[in-house]
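Single-letter residue listing:
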Amino acid sequence: MAMARPTGQARCSDIILARTVLSRFRIFLNYQLSLLTAMSKRTSPDDLQHWDDAPDLNHLVNDKRASKRATPAKGRRRNRRYENRLLKSQVDVAVDEEE
């Protein structure tokens, strides 16, 4: 004859299952948080403040979707476009200051 378990007491397997679920949920939340905090910001024309920063364009222009691009060539093309945009915006600022 099986004894009925008293109310409020959990079986060992229930506790292990609950701990496993909580552990997996905690891992999932940590992963989601890492995605949010590790995301680099978008390249903005305001990132290049002066012409002195121009040699460091490789550090200013970063591709946050590099792992999602089909080929590395597309990433290089994107970076080249953004480098040119930064330089063009700096030229526009310099022309506006002269006028």
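Examining the overall build of the chain
Looking only at helices and strands, one finds three helices and zero strands in the chain. Each helix and strand of the chain, placed in order from N terminus to C terminus, yields the pattern α-α-α. The proportion of buried residues among the 99 residues of the chain is 13%. For the chain, the share of sequence-separated contacts (at least 6 apart) that also reach a separation of at least 24 residues comes to 49%.

Regarding a negative patch on the surface
Residues Asp 96, Glu 97, Glu 98 and Glu 99 make up a contiguous surface patch of negative charge. Relative accessible area serves as the criterion here: at 71%, Glu 98 is assigned to the exposed category.

Description of the pattern of salt bridges
Counted according to the given criterion, the structure contains one salt bridge. A salt bridge links Lys 88 to Asp 92, with the nearest nitrogen and oxygen atoms 3.3 Å apart. One end of the pair, Lys 88, and the other, Asp 92, are both in helix α3 (residues 72-98), four residues apart, so they sit about a helical turn from each other. Using a relative accessible area of 53% as the deciding quantity, one classes Lys 88 as exposed.

A few points about the packing of aromatic side chains
All told, the structure shown has zero aromatic pairs when counted by the stated rule. We note Arg 78 situated over the ring of Tyr 82; from NZ or CZ to the ring centre the distance is 4.0 Å. Lying over the aromatic face of Tyr 82, Arg 85 brings its terminal NZ or CZ to 4.9 Å of the ring centre.

Considerations on the confidence of the model for the chain
A low pLDDT means the predicted coordinates there should not be read in detail. The predicted model of the chain averages 75 in pLDDT, with 79% of residues at 70 or higher. By mean pLDDT, helix α2 (residues 57-60) is the weakest element of the chain at 71, and α3 is the strongest at 85.

Description of a nonpolar patch on the surface
On the surface, a nonpolar cluster with roughly 300 Å² of combined accessible area is contributed by Phe 25, Phe 28 and Leu 29. For Leu 29, a relative accessible area of 42% puts it in the partly exposed group.

Scoring rules and cut-offs
- For every chain, the first residue of the written sequence is number 1, and numbering continues from 1 along that sequence.
- Owing to the predicted nature of the model, reporting of local features is limited to residues with pLDDT of at least 70; listing and counting of side-chain atom pairs is limited to 80 or more, with chain, interface and lining totals taken over all residues.
- Only hydrogens and water are set aside when side-chain values are computed; all heavy atoms of the structure are taken into account.
- Secondary structure is summarised from DSSP: a helix means a run of H or I of at least four residues, a strand means a run of E of at least two, and numbering begins at the N terminus for each.
- Classification of residues uses two cut-offs on accessible area relative to the type maximum, computed with a 1.4 Å probe and protein chains only: under 20% is buried, over 50% is exposed, and between them is partly exposed.
- Contacts are residue-level and defined by heavy atoms, with any inter-residue pair within 4.5 Å sufficient.
- Residues forming no salt bridge and having over 30% relative accessible area are the ones grouped into patches, like charges within 9 Å of each other and nonpolar side chains (Val, Leu, Ile, Met, Phe, Trp, Tyr) within 5 Å.
- Exposure was quantified through the Shrake-Rupley algorithm and a 1.4 Å probe, taking into account, for residues, occlusion by the shown protein chains and nothing else.
- For this document, the term salt bridge refers to a Lys or Arg side-chain nitrogen within 4 Å of an Asp or Glu carboxyl oxygen.
- Neither His nor the chain ends contribute to the count of charged residues, in which Lys and Arg are positive and Asp and Glu negative.
- To locate a charge, take NZ of a lysine, CZ of an arginine, CG of an aspartate or CD of a glutamate.
- Within 6.5 Å between ring centres, the rings of Phe, Tyr and Trp (the latter by its six-membered ring) count as paired, and their orientation is classed by plane angle as stacked under 30 degrees, edge-to-face over 60, tilted in between.
- Counting as a charge over the ring demands two things of the Lys NZ or Arg CZ atom: a distance within 6 Å of the ring centre and an angle within 35 degrees of the ring normal.
- Residue-level confidence of the predictor is summarised by pLDDT, bounded by 0 at the bottom and 100 at the top.

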